[in-house]
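# Observations on chain architecture
One letter stands for each residue in the lines below.
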Amino acid sequence: MDSENELGTVLSVTGLCTYFFTKKGIVKAVDNVSFDVRKGEIMCIVGESGSGKTVTALSLLRLVEHPGRIVEGKIMFDGKNLLDLTLREMRDIRGKKIAMIFQDPHSSLDPVFTIGEQIAEAMTAHKGITKGEAKARVYELLKLVDIPEPERRFHEYPHQFSGGMKQRVMIAMALSCKPLILIADEPTSSLDVTIQALILDMFIELRKKFNMAIIYITHDLWVIRYISDRVAVMYLGIIVESADKKEIFENPLHPYTQALLSSLPGKKGRILLKGEVPSPVNPPEGCRFHSRCPKRFDRCEKIEPEMKEVVSGHFVMCHLYS
Ligand code: SF4
């Protein structure tokens, strides 16, 4: 099988469950999550902290650390279930076919190696190219992410780069093997707004240039509106709604999505949610959102809603639409 199917799906996640086995109990950080990612699209996963979006991203690359474990599900990529691969096979996928950029560029770069060495290392580890070829390619990549004077910058160390520049280096590193999918976990949240916009523009441009899919994790609605093609909304370990950007912003169906979007500037009738997000150790029975939902009714506390396709391509998990 090719790395994409006839619908252009490059990654298909079904029933993914990632739990953390802690002394306090089992934290169901990701619980029966399913979604597809299509070639060349930017898919945003949005949710509050603790909603499971980062654990979902880490699960895709099997980078979840102890006491976490993927207990169920399928992650189909390039005709294979990533959960069936050996660690060695998985290492070949990471960085080469699916790359990831983390939130904090400062801790992702090694202070004792030059920027150039670190990007070249990412390539020579995967592609079997010579050091000379790698160096020439690093210059190209640094230019691509708008770092001026790449020949000089190659020999500099991370502390000589600003936060925005470091994140560009991380992007260059992630692109070095021309991945089919780039996972970006809040990559701009530590940067100021102007730099953020420049980096987002860079993502949009690079995805076109490389025709790669981007899974973009964020809690920031402004970022989603700016960058996404499709959006999946997570709450307490599950996806509660997914649709393309226009549908989500113009016709949000799930009461949680409606509350999130009501906080955008210019929106009338802000919906303030009461209470805290419940503990994922003991998620509420029935609909997980019922303890905070302004529209709940009898059935919500007892029966878990199923995911329904309400409008073509617009999925929602809520009894109001069943
Ligand atoms: Fe609210 Fe009920 Fe829908 Fe859950 S199922 S989001 S509690 S209306």
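Structural data are supplied above this passage.
To start, this report covers the structure provided alongside it. The structure displayed is predicted, hence computed values, not measured ones.

## What about the sheet that holds strand β1 (residues 9-22)?
Strand order in the open sheet formed by four strands is β2-β1-β4-β5, and the pairing between neighbours is antiparallel. In the strand order of this sheet, the two ends are held by β2 (25-38) and β5 (80-81), each with one partner. Of the pairings in the sheet, the one linking β1 to strand β4 (residues 68-77) comprises eight bridges and is antiparallel in character. What sits directly across from Phe20, in β4, is Gly68. Sitting on the sheet, helix α1 (residues 53-60) is in contact with β1, β2 and β4, with an inclination near 115° to β1.

## A word on empty space enclosed by the protein
If you walk through the whole model with that rule in mind, you get three cavities of 30 Å³ or more. Looking at the largest cavity, its volume works out to about 90 Å³. Along its surface, the largest cavity is lined by 14 residues, and Pro255, Cys287, Cys293, Cys300 and Cys318 are the ones closest to its centre. Here the lining of the largest cavity is built from residues that sort into nine nonpolar, three polar and two charged.

## Observations regarding the sheet that holds strand β9 (residues 230-235)
A sheet is described by the order of its strands in space; here eight strands give the open sequence β6-β7-β8-β3-β9-β10-β12-β11, paired in mixed fashion. With one partner strand each, in any of the chains shown, β6 (98-101) and β11 (307-311) form the two edges of the open sheet. Sheet twist, expressed as the average angle between the axes of neighbouring strands with direction ignored, equals 20°. In the sheet, strand β3 (residues 42-46) pairs with β9 via four bridges, with the strands oriented parallel. Paired with Val46 across the strands is Val233, a residue of β9. The strands touched by helix α7 (residues 163-175) within the sheet are β6 and β7 (181-185), with β6 carrying the most contacts at an inclination of about 170°.

## Some thoughts on the nonpolar core
Ile119, Ile171, Phe203, Tyr216 and Ile227 are the most contacted members of the largest nonpolar core, which totals 60 residues. The biggest single contributor to this core is α7, with eight residues. Excluding its chain neighbours within four sequence positions, the residues that come into contact with Ile119 are Val138, Leu141, Leu142, Val169, Ala172, Met173 and Ser176. Core analysis: the second largest hydrophobic core is formed by 34 residues, Val10, Val33, Val37 and Leu82 among them.

## With respect to the pattern of salt bridges
A full pass over the atoms with the stated rule returns eleven salt bridges. Counted as one network, the salt bridges with shared partners bring together Glu149, Arg152, Arg153 and Glu156.

## Remarks on the side chain of His290
For His290, the location among the structural elements is in the loop between α11 (255-261) and α12 (298-302). The exposure class of His290 is buried, given its relative accessible area of 13%. For His290, the contacting residues outside a window of four places in its chain are Pro284, Glu285, Arg296, Cys300 and Glu301.

## Description of the pairing of β2
Inspection of the sheet shows β1 paired to β2 by eleven bridges, in the antiparallel sense. Bridge assignment links Thr9 to a residue of β2, and that residue is Arg38. Hairpin geometry of β1 and β2 is characterised by an intervening segment of two residues between the two adjacent antiparallel strands.

## Remarks on the site of the ligand
Every residue close to the ligand is listed here: His254, Pro255, Cys287, Phe289, His290, Cys293, Lys295, Arg296, Cys300, Cys318, His319 and Leu320. Judged by its atoms lying within 2 Å of the grid points, the ligand is housed in the largest cavity. Split by residue class, the shell around the ligand holds seven nonpolar, three polar and two charged.

## A look at the packing of α7 against helix α8 (residues 193-210)
The contact between α7 and α8 brings their axes to 11 Å, and the two run at 15°. Of the possible angle classes, the one that applies to α7 and α8 is roughly parallel. Remark: the crossing between α7 and α8 carries right-handed chirality. On α8, the residues touching Gly164, Gln167, Arg168, Ile171 and Leu175 of α7 are Ile195, Leu198, Ile199, Met202, Phe203, Leu206 and Phe210. Its residues assigned to classes, the contact of α7 with α8 comprises nine nonpolar, two polar and one charged.

## Regarding α7
Its 13 residues give α7 an end-to-end C-alpha distance of 19 Å, which sits within 8% of 18 Å, the value for a rise of 1.5 Å per residue. Counting buried positions along α7 gives twelve out of 13 residues, so the element sits mostly inside the fold. What α7 keeps buried is the set Gly164, Met165, Lys166, Gln167, Arg168, Val169, Met170, Ile171, Ala172, Met173, Ala174 and Leu175.

Here is what the cut-offs are and how they apply
Residues numbered from 1 in each chain as written. Predicted model: local features only at pLDDT ≥ 70, side-chain atom pairs only at ≥ 80, totals over all residues. Heavy atoms only, no water. Pairing = 2+ DSSP bridges. Helix = DSSP H or I, 4+ residues; strand = E, 2+ residues; numbered from the N terminus. Contact = heavy atoms within 4.5 Å. Axes fitted to C-alpha atoms, helices over the stretch in contact; angles between N-to-C directions. 1 Å grid on protein atoms, 1.4 Å probe; cavity = no way out; pocket = protein on both sides within 12 Å on 5 of 7 lines; lining within 4 Å. Points joined across faces, edges and corners; volume = space filled by probe spheres on them. Nonpolar A, V, L, I, M, F, W, Y, C, P; charged D, E, K, R; others polar. Core = buried A, V, L, I, M, F, W, Y, C linked by side-chain atoms within 4.5 Å. Buried < 20%, exposed > 50% of the residue type's maximum accessible area, 1.4 Å probe, protein only. Salt bridge = Lys/Arg side-chain N within 4 Å of Asp/Glu carboxyl O. Near = heavy atom within 4 Å. Sits in = over half its atoms within 2 Å of the grid points. Parallel < 35°, antiparallel > 145°, perpendicular 65-115°, else oblique. Left-handed = near helix turned anticlockwise from the far one by under 90°. Expected span 1.5 Å × (residues − 1).

Remember, this is a structural readout, not a statement about activity or role.
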